[in-house]
Amino acid sequence: MVVGAGPAGASAAYAAAVAGRRTLLLEKAELPRYKTCGGGIIGPSRDALPPGFELPLRDRVHAVTFSLNGRLTRTRRSKTMLFGLINRPEFDQALVDSAEAAGARVRTGVQVSRVEQHGTAVPDRRTVAVVLSGGETVLARAVVGADGSASRIGAHVGVKMDQVDLGLEAEIPVPETVAEDWAGRVLIDWGPMPGSYGWVFPKGDTLTVGVISARGEGAGTKRYLEDFVGRLGLAGFEPSISSGHLTRCRADDSPLSRGRVLVCGDAAGLLEPWTREGISFALRSGRLAGEWAVRIAEAHDAVDARRQALNYAFAIKAGLGVEMGVGARMHAVFARRPGLLHAALTGFRPAWNAFAKVTRGSTSLGEIVRSNGVARRTLAALDKG
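In this text the structure is predicted, and so the values were computed from the model without any measurement.

1. Quick look at the side chain of Ser78
Then comes step 1: Relative to the elements of secondary structure, Ser78 occurs in the loop between strand S6 (71–77) and strand S7 (83–85).
Then comes step 2: Judged by its relative accessible area of 11%, Ser78 falls in the buried class.
Then comes step 3: One polar contact links the side chain of Ser78 to the main-chain carbonyl oxygen of Thr80, over a distance of 2.7 Å.
Then comes step 4: With near-sequence residues (within four places) excluded, Ser78 lies in contact with His62 and Arg360.

2. A short note on the pairing of strand S2 (residues 24–27)
Every regular strand shows the same layout, with side chains that alternate between the two sheet faces.
Then comes step 1: Residues Leu24 and Leu26 line one face of S2 and the alternating positions Leu25 and Glu27 line the opposite face, and both faces are buried.
Then comes step 2: When strand S1 (residues 2–3) meets S2, the two strands line up parallel, connected through two bridges. For Val3, the partnering residue across the bridge sits in S2 and is Leu26.
Then comes step 3: Direction of pairing for S2 relative to strand S8 (residues 105–108): parallel, over a ladder of four bridges. From the neighbouring strand, Glu27 faces S8, where its bridge partner is Thr108.

3. Remarks on the sheet that holds strand S10 (residues 128–132)
Then comes step 1: Spatially, the three strands line up as an open sheet ordered S9-S10-S11, and their pairing is antiparallel. Since the sheet does not close on itself, it has two edges, and those belong to strand S9 (112–116) and strand S11 (137–140), each with one partner. Taking the axes of each pair of neighbouring strands and ignoring which way they run, one obtains an average angle of 25 degrees across the sheet.
Then comes step 2: Here S9 pairs with S10 via four bridges, running antiparallel. Following the sheet pairing, Val112 is matched in S10 by Leu132.

4. As for the packing of aromatic side chains
Then comes step 1: Under the definition given, this model contains 12 aromatic pairs.
Then comes step 2: Centre to centre, the rings of Tyr224 and Phe228 are 5.9 Å apart; their planes meet at 40 degrees, and the pair counts as tilted. Placement of the pair is Tyr224 and Phe228 together in helix H6 (residues 218–231), with a separation of four residues, close to one helical turn. Phe228 shares its class with Tyr224; the two are buried.

5. Considerations on the packing of helix H1 (residues 7–18) against helix H3 (residues 88–101)
Then comes step 1: Two elements in contact, H1 and H3, have axes separated by 8 Å at closest approach and are oriented at 15 degrees. Regarding the angle of H1 to H3, the classification is roughly parallel. Judged by the sense of rotation from one axis to the other, the crossing of H1 with H3 is left-handed. On the side of H1, the interface is formed by Pro7, Ala10, Ala13, Tyr14 and Ala17, while H3 contributes Arg88, Phe91, Asp92, Leu95, Val96, Ser98 and Ala99.

6. Observations regarding the layout of surface pockets
A probe matching the size of a water molecule, rolled over the atoms, marks out where space remains unfilled.
Then comes step 1: By volume, the second largest pocket is sized at about 460 Å³.
Then comes step 2: Around the second largest pocket, the lining comprises 18 residues; the ones closest to its centre are Met1, Arg22, Thr23, Leu24 and Ala140.
Then comes step 3: For the lining of the second largest pocket, the secondary structure elements donating two or more residues are S11 and helix H7 (279–298).

7. Overview of the sheet that holds strand S16 (residues 206–214)
Then comes step 1: Read across the open sheet, the seven strands follow the order S6-S5-S14-S15-S16-S13-S17; overall the sheet is mixed. This sheet does not close on itself; its edge strands, each paired only once, are S6 and strand S17 (241–250). The average angle at which neighbouring strand axes cross in this sheet is 20 degrees, direction not considered.
Then comes step 2: Inspection of the sheet shows strand S5 (residues 63–68) paired to S6 by five bridges, in the antiparallel sense. If you follow Phe66 over to S6, its bridge partner there is Arg74.
Then comes step 3: In the packing of H6 onto the sheet, contacts are made with strand S13 (161–173), strand S14 (185–190), strand S15 (197–203) and S16, and the angle to S16 comes to roughly 150 degrees.
Then comes step 4: Sheet strands touched by helix H10 (residues 349–360): S5, S6 and S14. Its angle to S5, the strand with the most contacts, is close to 125 degrees.

8. What to know about H1
Then comes step 1: Compared with an ideal rise of 1.5 Å per residue, which puts 12 residues at 16 Å, H1 spans 16 Å between its outermost C-alpha atoms and is within 8% of the ideal.
Then comes step 2: With respect to burial, H1 is a largely interior element, 10 of its 12 residues being buried.
Then comes step 3: In the core, the buried residues of H1 are packed alongside S1, S2, H3, strand S12 (143–145) and H7.

9. Quick notes on the pattern of salt bridges
Then comes step 1: Applying the stated criterion across every chain yields a total of 14 salt bridges.
Then comes step 2: In this structure, Asp383 and Arg329 form a salt bridge, with 2.6 Å as the shortest nitrogen-oxygen distance. Remark: Arg329 occurs in helix H8 (residues 302–336) and Asp383 occurs in helix H12 (residues 373–383); sequence separation between them is 54 residues.
Then comes step 3: Using a relative accessible area of 34% as the deciding quantity, one classes Asp383 as partly exposed.
Then comes step 4: Within this structure, Arg33, Arg88 and Asp92 form a network of salt bridges that share partners.

10. Structural notes on the nonpolar core
Then comes step 1: If you look at the biggest cluster of nonpolar residues, it comprises 65 residues, and the most contacted ones within it are Met1, Phe91, Val112, Val143 and Tyr312.
Then comes step 2: Among the elements that make up this core, the one with the highest residue count is H7 (10 residues).
Then comes step 3: Among the nonpolar cores identified, the runner-up in size contains 28 residues, and Ile42, Val64, Ile188 and Trp274 belong to it.

11. Overview of the state of the cysteines
Then comes step 1: Within the structure shown, the criterion is met by zero disulfides.
Then comes step 2: Not part of a disulfide, Cys37 finds its nearest cysteine sulfur in Cys249, a span of 14 Å.

Here is what the cut-offs are and how they apply
Residues numbered from 1 in each chain as written. Predicted model: local features only at pLDDT ≥ 70, side-chain atom pairs only at ≥ 80, totals over all residues. Heavy atoms only, no water. Helix = DSSP H or I, 4+ residues; strand = E, 2+ residues; numbered from the N terminus. Buried < 20%, exposed > 50% of the residue type's maximum accessible area, 1.4 Å probe, protein only. Polar contact = N/O pair within 3.5 Å; in protein donor to acceptor, adjacent residues only side chain to side chain. Contact = heavy atoms within 4.5 Å. Pairing = 2+ DSSP bridges. Axes fitted to C-alpha atoms, helices over the stretch in contact; angles between N-to-C directions. Phe/Tyr/Trp six-rings, centres within 6.5 Å; stacked < 30°, edge-to-face > 60°. Parallel < 35°, antiparallel > 145°, perpendicular 65-115°, else oblique. Left-handed = near helix turned anticlockwise from the far one by under 90°. 1 Å grid on protein atoms, 1.4 Å probe; cavity = no way out; pocket = protein on both sides within 12 Å on 5 of 7 lines; lining within 4 Å. Points joined across faces, edges and corners; volume = space filled by probe spheres on them. Expected span 1.5 Å × (residues − 1). Salt bridge = Lys/Arg side-chain N within 4 Å of Asp/Glu carboxyl O. Core = buried A, V, L, I, M, F, W, Y, C linked by side-chain atoms within 4.5 Å. Disulfide = S-S within 2.5 Å.

Rendered as C-alpha cells:
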C-alpha cells in the first residue's frame, strides 16, 4: 500500500506494481488537484520518470535571469534546455495514470487515520493495518508513506525535521504580450531575508510567481511576495490561485522506516535544502521506496524485514542524503552571503556552468564537491565563514 498520490507516491506505486506486487495507491484528495510548487523539472527528475513517460511541459527554459533583491540583474543563457516547466495537476495525474497502467489500484477521497503494526487489527507479524477515517481497515504486507510534509505515516515512523520553510505562490494569468516576454526564461531573485529567494516560472499564458523563506517570517515573506509582484509590474493582474506551503527537511538522524512501513518524498523530509527543490527527490526516493517495499512484503520475518528497511535507508542516505548534506552547507552560505553567490553565478562562468550542469542532470552538487578540488576547498572555506 502507498499512501499519497503525489510524485513520490505514484513513483512508489509504479515501482511496486511493475515488480508484480498487488499495489493499492490511496489519495485523500480527488485528482487532479493543485499543489503549491514551482513545477521545475530538472535532469534528475526526467531520469527518474517511468519509461516512455511524456512530460506535459508548459515551457522549456533556456535562460535564467538572476537578481539580488531586485538589483544587479543579469541574464545567463544556454543553447540547450536547462530544465522544463510543468503544472502539477497534469504532471501528478500522468504519474498516477502510469502507476495504474502498471497494475496499481487507485482510490481517491480516502484519508488515513492511523497505522497499526501490533494489536487486534493485525492478524500476523507480516501484516500492517491501515485504518481509514471512515473506520475501514485495509491490510498490507508493506506500506509506503508519501503523504506530504504533514505526513501521518511520517508521524508513525517518527520522522524528525530540521529545516522548515514557508513558500507562498501565485498563479497569475497574463496577456499574450507579457507571456511572450517571459517565454523560455525564468527569474530567480535572491531575497531580503536570510535564505530567502523568489522565482518567476512561465507556463504559457500564466506566470507562477513565488517566494520562500524560513518559517517564523510569515509577515516578511508575505511582504516579499507583494513587493516582488509589484516590482515585476504584475500587481495589476488578478491571480487565479494564491497558496502557501511548508517545506520540511529531515534531520540527519531521522528514521526512514518503522517495521514494515517506509517513508519517502516530503513525508520523509527529502528535498534539497538550498533551493528546496523537491520533485526530483520525490521521484527518486519514491522509486526506491517502491522497490524496497516489494522486498519487505516478501520478507518472512521481522529480521528480514528490518534488513530490507535498513538497505532502503542506506540507499537513500548514500545518494539523496549526500546531495542534501551539500545543499545544507550551500544554504548556510547563502543565508550569510547571498551577494557572494549572486556574484559567482552572474560573473564567474565556471559557477554558471556548474549550475547549468546540475539543472540538466549531468552532475549534482554532491558530485561537484566530491570531484572538484577547487569547489571542495572553496565550500570548506565558506563553511568557516
